[in-house]
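What follows is each chain in one-letter form.
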Amino acid sequence: MHYFSPEERAAYIASEKQRLEAFWSEIRKLTIPQGGLGGGIEGLFIQDEVDILFEPPGWYTSGGMPDSFYKQHLLDEETLSVLQSILLNPESLSGEVTDRTWDIISNALHMSQEDLKVHVLGNVSWKPETTTSVGSYPITLYVIRPHGHYLLKNPSPGSGNISLAFLGVPGGEAVHWDGHYQLGVDDGGNNVIYYRVSWAFNGKTYWGWIPNKYLAPEVKHWDPSGGIPGGFASPTFGYGDFAD
């Protein structure tokens, strides 16, 4: 920081302010009170929760050096919880969540879009503030359901297996996620998130959908000072229990 010229320091602060202001603008657009796409009471957001995201950091108001200069990313448990309440309730939003939304939020939090998605969509077993990463798309995921799962034609439980060439993706097999997801329900009517994944079998690659609750990510990078991520109850492939 001592090597920054006054001009470089000012440019860096201005750049970080732009990231943060773009984030605020996107969240406001998505959470306009009573602006839900589903209409009615579904459009009423708990504004006290959302307001947490609009609290400016100290550096923003003081003109000091942004936290991002010395921190890898700024996601914490509270921020994660609020983002989940927003991004996982599309019927309550006043706008559509797009790749641009994910890009704006990840830029503001200094995370990759891949890492942000696996945290918000809820299939990582390590804390969001740790410096553990799943790498870049396509993300490697392992089927953790003991008896495997159908590779579904569509993101719905009754859509059937994608091919007669196999009965489903066995437990422990690796699939690859391209970042596409869709909210839906399982065969018990419970809310789930479907991932569009590919699986190679007998020299051919098949694409289909699997609920992400049956998938565990492979760790690509991690900071050993934070301990080994994951555990027996919530397996994390790559390090620790269930290591590949």
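The shown structure was predicted, so the numbers you read here are calculated from the model rather than taken from an experiment.

Draft legend 1. Main features of the sheet that holds strand β3 (residues 191-201). Spatially, five strands are ordered β4-β3-β2-β1-β5 in an open sheet, and the strand pairing comes out antiparallel. What marks the edges here is a single partner per strand, and that holds for β4 (204-211) and β5 (215-217). Recorded for the sheet is a direction-independent mean angle of 40 degrees between the axes of neighbouring strands. As paired elements, strand β1 (residues 139-143) and strand β2 (residues 174-185) share four bridges and run antiparallel to each other. Note that in β2 the partner of I139 across the bridge is W177.

Draft legend 2. Summary view of the pattern of salt bridges. All told, the structure shown has eight salt bridges when counted by the stated rule. For E77, the salt bridge is made with K127, and the minimal N-O distance between the two is 3.7 Å. Placement of E77 in helix α4 (residues 77-87) and of K127 in the loop between α6 (113-120) and β1 is noted, with a sequence separation of 50 residues between them. Residue class for E77 comes out partly exposed when judged on its relative accessible area of 40%. Residue K220 is joined to E218 by a salt bridge in which the shortest nitrogen-to-oxygen separation is 2.9 Å. Its relative accessible area of 38% is what places K220 among the partly exposed residues. Within this structure, E26, K29 and R100 form a network of salt bridges that share partners.

Draft legend 3. View of the side chain of H149. Its location among the elements puts H149 in the loop between β1 and β2. Those residues in contact with H149 that sit more than four places away from it in its chain are V143, G168, V169, I210, P211 and Y214.

Draft legend 4. Seen up close, the nonpolar core. F23, I27, L83 and I86 are the most contacted members of the largest nonpolar core, which totals 48 residues. Broken down by element, this core gets its largest block of residues, six residues, from helix α1 (residues 6-30). Once you skip the residues sitting within four places of it in the chain, F23 turns out to touch L53, L83, I104, I105 and A108.

Draft legend 5. Spotlight on α6. Burial analysis of α6 places eight of its eight residues in the buried class, the great majority of the element. Three or more residues of α6 are buried, namely Q113, E114, D115, L116, K117, V118, H119 and V120. Backbone geometry just after α6 places G122 at a positive phi near 85 degrees.

Draft legend 6. Quick look at the confidence of the model for the chain. Per-residue confidence for the chain averages 86 on the pLDDT scale, and 85% of its residues sit at or above 70. Confidence drops under a pLDDT of 50 for residues 240-244, and excluding neighbours within four residues, the segment shows 12 contacts in the predicted structure.

Draft legend 7. View of unusual backbone geometry. A cis amide bond, omega -5 degrees, links Y137 with the succeeding residue P138. Considering the arrangement of structural elements, one finds P138 in the loop between α6 and β1. Positive phi, close to 55 degrees, is recorded for H110, a residue that is not glycine. The phi torsion at N202 lies on the positive side, around 50 degrees, for a residue other than glycine. Among the secondary structure elements, N202 is positioned in the loop between β3 and β4. N202 sits in the exposed class, given a relative accessible area of 71%.

Draft legend 8. Quick peek at the packing of aromatic side chains. Enumeration according to the criterion identifies 12 aromatic pairs in this entry. Pairing W102 with Y181 gives two aromatic rings, centres 6.0 Å apart and planes at 85 degrees, and the pair type is edge-to-face. Of this pair, W102 sits in helix α5 (residues 99-109) while Y181 sits in strand β2; the two residues are 79 residues apart in sequence, bridging distant segments of the chain. Given a relative accessible area of 1%, W102 falls into the buried group. By relative accessible area, which is 22% here, Y181 ends up partly exposed. Each ring, one from Y137 and one from W177, has its centre 5.9 Å from the other, and the planes form 90 degrees; the classification is edge-to-face. Of the two residues, Y137 is situated in the loop between α6 and β1 and W177 in strand β2; the sequence distance between them amounts to 40 residues.

Rules behind the numbers
- Position labels on residues start from 1 in each chain and follow its written sequence.
- Per-residue local features of the predicted model are confined to residues with pLDDT of at least 70, and side-chain atom pairs are confined, for both listing and counting, to 80 or more; whole-chain, interface and lining totals are unaffected and use all residues.
- Side-chain measures here rest on the full set of heavy atoms in the structure, leaving out hydrogens and waters.
- Two strands form a pair only when DSSP identifies at least two bridges running between them.
- Counting from the N terminus, the helices are DSSP H or I runs at least four residues long and the strands are E runs at least two residues long.
- For helices, the fitted line uses only the C-alpha atoms of the stretch in contact; every axis is such a line through C-alpha atoms, and the angle between N-to-C directions lies from 0 to 180 degrees.
- Within this document, salt bridges are pairs made up of a side-chain nitrogen of Lys or Arg and a carboxyl oxygen of Asp or Glu, the two lying within 4 Å of each other.
- Relative accessibility thresholds used throughout: buried, under 20% of the residue-type maximum; exposed, over 50%; partly exposed, between the two (1.4 Å probe, protein chains only).
- The contact definition used throughout considers only heavy atoms, calling two residues in contact when any of these lie within 4.5 Å.
- The set of buried Ala, Val, Leu, Ile, Met, Phe, Trp, Tyr and Cys residues whose side-chain atoms join them within 4.5 Å is what this entry labels a nonpolar core.
- Values of pLDDT, ranging from 0 to 100, describe the predictor's confidence in every residue of the model.
- In this scheme Phe, Tyr and Trp rings, the latter by its six-membered ring, pair at centre separations within 6.5 Å, and the angle between planes marks the pair as stacked below 30 degrees, edge-to-face above 60, and tilted otherwise.

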